[in-house]
Amino acid sequence: MDAQYRLDGRMFINGERVDAISRKEIDVYDPSTGQVMSTIAAGDTGDVNHAVSTSQKAYEADWKRFTPSERANILFSVADRIGQYKEELAYIESLDVGKPHKQALADVDAAIGYFRFYAGIADKIFGTSIPLGEGIADYTIREPIGISAQIIPWNYPLQLSSRGFAPALAAGNAVVAKVAEDASLSILRLAEIAHEAGLPKGVLNVITGYGSVAGQALSDHPDIHHLTFTGSLNTGIQVMKTAANHITPVNLELGGKSPIIIFGDADIDKVVETASNVIIQNAGQTCSAASRIIVNNKVHAEVVEKIAEKMSKVKLGRGLDNPDMGPVVSERQMNSILQAISNGRESNANVVLGGNRSKQQGLENGYFIQPTLFDNVKVGSFIEQEEIFGPVLSVMPFDTADEALAIANGTEYGLVASVFSNDLKLVHHMTNQIQAGQVFVNGYGAGGGVAIPFGGYKKSGFGREKGLEAIQNYTTVKNVWIDYR
Ligand code: NAP
Ligand code: MG
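Residues numbered from 1 in each chain as written. Chains lettered and ligands numbered in written order. Predicted model: local features only at pLDDT ≥ 70, side-chain atom pairs only at ≥ 80, totals over all residues. Heavy atoms only, no water.

Asker: For this particular structure, what's the right way to read the overall build of the protein?
Answerer: The secondary structure content of the protein amounts to 15 helices and 21 strands. For the protein, whose C-alpha radius of gyration is 23 Å, the value lies close to the compact-globule estimate of 23 Å for 485 residues. For the C-alpha atoms alone, the extent of the protein along its principal axes is close to 70 × 60 × 40 Å. The buried share of the protein, reckoned over its 485 residues, is 57%. A total of about 19,100 Å² of accessible surface is found on the protein, and carbon and sulfur atoms cover 50% of it. The centroid of the 42 positive side-chain charges in the protein is displaced by 1 Å from the centroid of its 54 negative side-chain charges. (Helix = DSSP H or I, 4+ residues; strand = E, 2+ residues; numbered from the N terminus. Rg over C-alpha atoms; globule rule 2.2 N^0.38 Å. Buried < 20%, exposed > 50% of the residue type's maximum accessible area, 1.4 Å probe, protein only. Areas by Shrake-Rupley, 256 points an atom, 1.4 Å probe, with all protein chains shown as cover. Lys, Arg positive; Asp, Glu negative; His and termini not counted. Charge placed at Lys NZ, Arg CZ, Asp CG, Glu CD.)

Structure (structure tokens):
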């Protein structure tokens with residue numbers, strides 16, 4: 001696919017594209033070639049202050065005054081308009097992140113799904129009536145929180161922005177987002193499209209710039225009322241500390257080291273298909289990626305052989321050429337994955353497949369990593385414990401269900417887990433004991449639809465995105481007590 005859409009890296013504030021007040025810019029790289037392809041504005045504290053102040057005005061003067069069904073209608077229009085620009089959005093996302101174009105198209109569909117789902121909920125955010133006896137009326141109202149600040153990572157920009165924007169807007173809040181410097185372009189265009197669809201100016205502002213500058217300024221802003229952060233554990237810790245300065249409530253969606261547990265009676269072909277696809281998707285840069293295979297010794301050899309065979313057939317290429325797997329997002333990310341692989345080798349894990357930067361002709365300058373499979377990984381070692389965020393899969397064998405559970409629950413994360421077995425009692429035992437926000441049985445896929453709640457146990461974070469649960473993040477409860485005796 002040839003370049004056919006303009007890349008505009010200016011911020012989107014108060015209904016228009018703007019440069020940073022400082023006029024500074026940041027280069028944007030094509031991860032498939034390592035070449036500069038565009039720039040984005042290097043927003044800083046001044047831009048953040050401007051964005052927050054216009055969103056406050058828009059919230060008070062406009063969005064708060066719309067009836068819930070008016071908000072619903074606008075959000076349905078946003079969903080429709082995203083659909084009209086599906087090709088453009090997918091093109092930008094595929095180019096900027098490096099992901100296969102077909103994946104980017106699926107991401108646009110997910111974005112549409114979020115806006116539709118929460119448009120449908122906008123006029124169904126009910127309070128409750130609490131019976132306290134004759135003469136007293138007591139009821140609750142779910143009010144919008146106000147200004148919702150959202151800090152978004154680079155791996156699924158369209159999906160993750162829509163996951164936060166749609167419920168926040170549906171509940172009546174205004175949004176100020178800081179997007180990742182490695183993948184800002186698709187979200188900027190999304191915000192523009194939402195405005196064109198009828199979202200009043202200032203209700204959704206998007207700031208670009210460095211995390212340590214613009215992200216820090218947004219999380220430390222006294223006039224935001226809530227902060228949704230999706231990103232790494234270390235930045236999450238930093239952001240939560242900063243938000244504490246103003247008692248700003250936070251929602252943290254952090255990393256994962258999610259397992260697939262395979263018992264001896266599992267459907268091996270299904271689990272092999274699932275496990276190899278999940279770690280290849282978005283070149284393994286998925287918070288919910290299953291990066292650990294915990295497999296019963298009875299089927300261990302067969303599973304490793306079949307996963308290796310599938311992963312060995314994965315075709316690498318530029319995202320827009322629709323390969324099975326594209327490059328990783330940046331040189332920094334590539335180097336961090338290669339470092340993790342070298343840690344794996346040092347811990348004497350057995351490299352069954354891959355383990356290097358791709359040497360494929362034509363891809364030398366892009367950030368391509370070979371799909372990598374480690375077998376007999378030592379429990380407790382770096383690659384078994386730490387999120388690698390690349391196409392790197394670790395296999396650990398077990399004998400008993402308790403051993404499998406101990407390995408599954410033995411990291412500081414708890415985002416997603418999966419169990420493959422048809423033994424009803426065993427499956428229930430496992431789903432009860434696993435510490436993760438989502439447990440799949442005989443399947444995998446954190447996508448799984450907009451309607452199901454998603455979020456972490458332990459250091460994978462807290463609060464829930466998606467589904468009806470997300471509305472809790474973006475509303476606050478007021479109780480009203482009336483004495484009419
Ligand atoms: P990251 O480095 O933590 O960055 C996340 C966001 O925070 C980016 O927008 C970043 O901006 C910004 N940021 C960086 N430093 C900041 C600071 N001091 N104050 C405020 N904001 C700051 O994470 P990433 O590498 O982009 O994303 C990968 C991580 O996200 C992985 O750990 C993954 O598991 C996690 N993730 C979780 C979920 C989930 O739903 N649980 C979903 C997707 C990803 P810049 O990039 O411009 O520096
Ligand atoms: Mg990029």
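There is more to say after this.
Asker: Sorry if this is basic, but what is going on with the site of ligand 1 here?
Answerer: Around ligand 1, the structure places 31 residues, and the nearest of them are Ile152, Glu181, Ser232, Leu254 and Glu387. For ligand 1, an oxygen atom lies 3.2 Å from a polar atom in the backbone of Gly231. Contact with the protein chains removes 90% of the 900 Å² of surface that ligand 1 exposes when unbound. Elements represented by at least two residues in the shell around ligand 1 include exactly α5 (157-170), α7 (211-219), β9 (226-230) and α8 (233-244). Ranked by residues supplied to the shell around ligand 1, first place goes to α7 with 4 residues. Residues that form the shell around ligand 1 fall into these classes: 14 nonpolar, 12 polar and 5 charged. (Near = heavy atom within 4 Å. Polar contact = N/O pair within 3.5 Å; in protein donor to acceptor, adjacent residues only side chain to side chain. Nonpolar A, V, L, I, M, F, W, Y, C, P; charged D, E, K, R; others polar.)

Asker: I would appreciate a short explanation of the pattern of salt bridges in the present structure.
Answerer: Working definition: two side chains of opposite charge can pair if their charged atoms are close together. The full count for this structure, using the stated rule, is 25 salt bridges. Its salt-bridge partner being Glu412, residue Lys459 comes within 3.2 Å of it at the nearest N-O pair. On the criterion of sequence distance, the pair formed by Lys459 in the loop between β19 (457-458) and β20 (461-462) and Glu412 in the loop between α13 (401-408) and β16 (413-414) is long-range, its members being 47 residues apart. On the basis of relative accessible area, Lys459 is assigned to the partly exposed category, the value being 43%. We note a salt bridge from Asp483 to Arg485, for which the minimum N-O separation is 3.1 Å. (Salt bridge = Lys/Arg side-chain N within 4 Å of Asp/Glu carboxyl O.)

Asker: Teacher, can you tell me more about the coordination of the magnesium ion (ligand 2) here?
Answerer: Each donor-metal-donor angle in an ideal tetrahedron of four donors is 109.5 degrees, and each such angle in an ideal octahedron of six donors is either 90 or 180 degrees. In this structure, Asp96 (O), Asp96 (OD) and Asp182 (O) serve as the protein donors to the magnesium ion (ligand 2), at separations of 2.0 to 2.4 Å. Here Asp182 lies in the loop between β7 (174-178) and α6 (185-196) and Asp96 lies in helix α3 (residues 86-97), a separation of 86 residues in the sequence. By relative accessible area, which is 3% here, Asp96 ends up buried. (Donors = N, O, S within 2.8 Å, 3.2 Å for Na, K, Ca; no water.)

Asker: Would you take a moment to explain the nonpolar core for this structure?
Answerer: Across soluble globular proteins, nonpolar side chains have a tendency to be buried as a group. Counting residues in each nonpolar core, the largest one holds 66 residues, and the members touching the most others are Ile260, Ile261, Ile262, Ile293, Ile307, Leu373 and Met430. The greatest single-element share of this core, amounting to 7 residues, is contributed by helix α9 (residues 268-280). Each residue touching Ile262, except ones within four places of it in the same chain, is listed here: Ile268, Val271, Ile293, Ile294, Val295, Asn296, Val299, Val303, Phe398 and Phe420. In terms of nonpolar packing, the next biggest core, distinct from the first, is built from 49 residues, Ile74, Val78, Tyr156 and Ala191 among them. (Core = buried A, V, L, I, M, F, W, Y, C linked by side-chain atoms within 4.5 Å. Contact = heavy atoms within 4.5 Å.)

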